[in-house]
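Observations on chain architecture
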Amino acid sequence: MYHIEPYSIVIALLAGAAGMLALTSEKSGTLIGVFISVTTVPAAGFAALAAVAGHWTHCGEAVLQLLINLGGITAAGVLTLLVRRRRVLPETTRNARR
């Protein structure tokens with residue numbers, strides 16, 4: 001059975017921020033894939049197994065957890081892009097003026 005807790009939201013936000021930082025920086029590693037997999041694969045797998053077993057309440061809880069995780073990853077990714085845009089664009093315009 002899945003229990004949705006504040007920690008799962010924090011982990012999803014961290015995974016989304018780490019993933020977006022890896023995509024937008026020069027340093028990319030396999031650890032980012034692990035972060036995102038940790039937030040999506042267990043919930044998706046549990047939902048699939050619960051559906052096959054006919055435990056629809058458990059399946060619904062796991063799907064809700066998966067949606068929360070995906071939402072957290074997306075929100076953190078967007079926020080990370082906004083912060084990076086604010087910090088990177090002023091530097092590039094300053095360098096272009098010189």
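Refer to the preceding data block for the structure.
Residues numbered from 1 in each chain as written. Predicted model: local features only at pLDDT ≥ 70, side-chain atom pairs only at ≥ 80, totals over all residues. Heavy atoms only, no water.

1. Let's talk about the overall build of the protein chain
- Of the regular secondary structure elements, the protein chain holds three helices and zero strands.
- Each helix (α) and strand (β) of the protein chain, taken in turn from the N terminus, gives the series α-α-α.
- Classification of the 98 residues of the protein chain by burial places 24% in the buried group.
- In the protein chain, once contacts between residues fewer than 6 apart in sequence are set aside, the share between residues at least 24 apart is 69%. (Helix = DSSP H or I, 4+ residues; strand = E, 2+ residues; numbered from the N terminus. Buried < 20%, exposed > 50% of the residue type's maximum accessible area, 1.4 Å probe, protein only. Contact = heavy atoms within 4.5 Å.)

2. Topic: a nonpolar patch on the surface
- A surface patch of nonpolar side chains, about 250 Å² in accessible area, is lined by I11, V34 and V38.
- Along the chain, I11 falls in helix α1 (residues 6-24). (Patch = residues over 30% accessible without salt bridge, like charges linked within 9 Å, V, L, I, M, F, W, Y side chains within 5 Å. Areas by Shrake-Rupley, 256 points an atom, 1.4 Å probe, with all protein chains shown as cover. Salt bridge = Lys/Arg side-chain N within 4 Å of Asp/Glu carboxyl O.)

3. A short note on the side chain of N69
- Structurally, the position occupied by N69 is in helix α3 (residues 56-97).
- Within polar-contact distance, the side chain of N69 engages the backbone oxygen of T39 at 2.4 Å.
- Within polar-contact distance, the side chain of N69 engages the side chain of Q65 at 2.8 Å.
- Residues in contact with N69, not counting those within four places in the same chain, are S8, A12 and T39. (Polar contact = N/O pair within 3.5 Å; in protein donor to acceptor, adjacent residues only side chain to side chain.)

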